[in-house]
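# A structural walkthrough
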Amino acid sequence: MVYWFAKAAKSYDATILLWRNGYWQDAAMLGRTILEIALQAMYFRREPERFAAEFFAHETLQRNILFKDMAEHTESDEIRGEIQKFFSEQNLDPAAFKRQRNWWGNGSIWDLVEEIRKQNIYVGADNIYRSQYVSLSMLVHGTPFARRYYVLQREDSVLVDWRPSAASSVVRNDSAEAIVTSAPTGLLDVIDVLAAIWGFDYGEDLSAARDAIVRFRDEA
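Being a predicted model, the structure only gives us computed values, none of them experimental.

## Section: the overall build of the protein chain
Each helix and strand counted, the protein chain has 9 helices and 2 strands in total. In sequence order, the protein chain lays out its α and β elements as α-α-α-α-α-α-β-β-α-α-α. Summarising its shape, the C-alpha atoms of the protein chain cover approximately 65 × 50 × 30 Å along the three principal directions. Residues counted as buried form 37% of the 220 residues belonging to the protein chain. Seen as two clouds, the 25 positive and the 32 negative side-chain charges of the protein chain have centres 3 Å apart.

Structure follows, in structure tokens:
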């Protein structure tokens with residue numbers, strides 16, 4: 001959880017810097033990163049001790065598979081030799097490694113959201129996914145729909161937004177809520193889970209912060 005908090009907090013700071021300096025598309029993409037962390041934290045809250053063990057086991061698996069792939073595809077005999085030496089010293093058989101998509105299993109983020117909903121871990125997780133995560137993912141993956149945020153039609157001309165600029169009116173029309181609220185609310189969700197696991201009572205402060213975000217969004 002400390003790792004997730006640190007990552008979410010730094011990503012939030014980066015989001016503010018990017019937004020203020022005209023890189024609002026990239027700020028939105030980091031908002032998605034924070035939401036993804038928050039969704040994992042929500043699920044993790046259900047069984048912290050069990051999930052912590054699974055998390056660290058997946059970390060080791062990811063390392064081993066990364067090394068295996070590097071050894072198979074690198075052009076460096078030195079790197080290949082060092083990796084083979086590491087596996088030998090650790091008594092590891094690369095052929096036995098079984099790939100797993102995420103620490104919670106082979107499902108996607110949507111599958112994780114479904115588990116959160118089914119187990120009633122966090123009310124509204126599916127709404128967060130559908131209203132914010134999906135739209136922000138379009139920017140991350142460079143989908144056709146995200147074209148409108150970089151190539152803007154202006155009457156008889158076209159504006160290509162490739163330099164720092166303020167968010168356009170198009171954004172305010174159809175993605176303002178996701179972009180403005182995803183980063184701060186996601187960070188608050190991570191803090192909420194961390195506080196619950198460690199026994200801190202931040203309920204009143206977090207509620208006030210969420211209300212302030214909603215007011216800012218509605219006034220924007």
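## Examining the pattern of salt bridges
Counted under the stated rule, the structure contains 8 salt bridges. A salt bridge links Glu-54 to Arg-50; its shortest N-O distance comes to 2.9 Å. Of this pair, Glu-54 and Arg-50 both sit in helix H3 (residues 48-73), 4 residues apart, which is roughly one turn of that helix.

## A look at a nonpolar patch on the surface
A grouping of Val-2, Trp-198, Phe-200 and Tyr-202 is seen on the molecular surface, where their side chains present a nonpolar patch of about 420 Å² in accessible area. Here Trp-198 falls in the partly exposed class, since its relative accessible area comes to 48%.

## A closer look at the packing of helix H2 (residues 24-44) against helix H5 (residues 109-118)
Where H2 meets H5, the axes come as close as 10 Å, and the angle between the chain directions of the two elements is 40°. Classified by the angle their axes make, H2 and H5 are oblique. Here H2 runs over H5; the crossing is left-handed. Seen from H2, the contacting residues are Glu-36, Leu-39, Gln-40, Met-42 and Tyr-43; seen from H5, they are Ile-109, Leu-112, Val-113, Glu-115 and Ile-116.

## Quick notes on unusual backbone geometry
The phi dihedral of Asn-91 is positive, around 55°, even though this residue is not glycine. Within the element layout of this structure, Asn-91 appears in the loop between helix H4 (77-89) and H5. On the basis of relative accessibility, which here comes to 72%, the residue Asn-91 falls in the exposed class. A positive phi angle is found at Asn-120, which is not glycine, with a value near 55°. Mapped onto the elements, Asn-120 comes out in the loop between H5 and helix H6 (125-141). In this structure Asn-120 comes out as exposed when scored by relative accessible area, which is 57%.

## Remarks on the nonpolar core
In this structure, Met-1, Trp-4, Met-42, Tyr-43, Trp-103, Ile-109 and Ile-116 are the most contacted members of the largest nonpolar core, which totals 38 residues. Counting only elements with at least two residues in this core, the list comes to helix H1 (2-20), H2, H5, H6 and helix H8 (176-198). Each residue touching Ile-116, except ones within four places of it in the same chain, is listed here: Leu-39, Met-42, Tyr-43, Ile-121, Tyr-122 and Ala-125.

Basis of the calculations
Residues numbered from 1 in each chain as written. Predicted model: local features only at pLDDT ≥ 70, side-chain atom pairs only at ≥ 80, totals over all residues. Heavy atoms only, no water. Helix = DSSP H or I, 4+ residues; strand = E, 2+ residues; numbered from the N terminus. Buried < 20%, exposed > 50% of the residue type's maximum accessible area, 1.4 Å probe, protein only. Lys, Arg positive; Asp, Glu negative; His and termini not counted. Charge placed at Lys NZ, Arg CZ, Asp CG, Glu CD. Salt bridge = Lys/Arg side-chain N within 4 Å of Asp/Glu carboxyl O. Patch = residues over 30% accessible without salt bridge, like charges linked within 9 Å, V, L, I, M, F, W, Y side chains within 5 Å. Areas by Shrake-Rupley, 256 points an atom, 1.4 Å probe, with all protein chains shown as cover. Axes fitted to C-alpha atoms, helices over the stretch in contact; angles between N-to-C directions. Parallel < 35°, antiparallel > 145°, perpendicular 65-115°, else oblique. Left-handed = near helix turned anticlockwise from the far one by under 90°. Contact = heavy atoms within 4.5 Å. Core = buried A, V, L, I, M, F, W, Y, C linked by side-chain atoms within 4.5 Å.

None of the figures reported here should be taken as evidence of function without further support.
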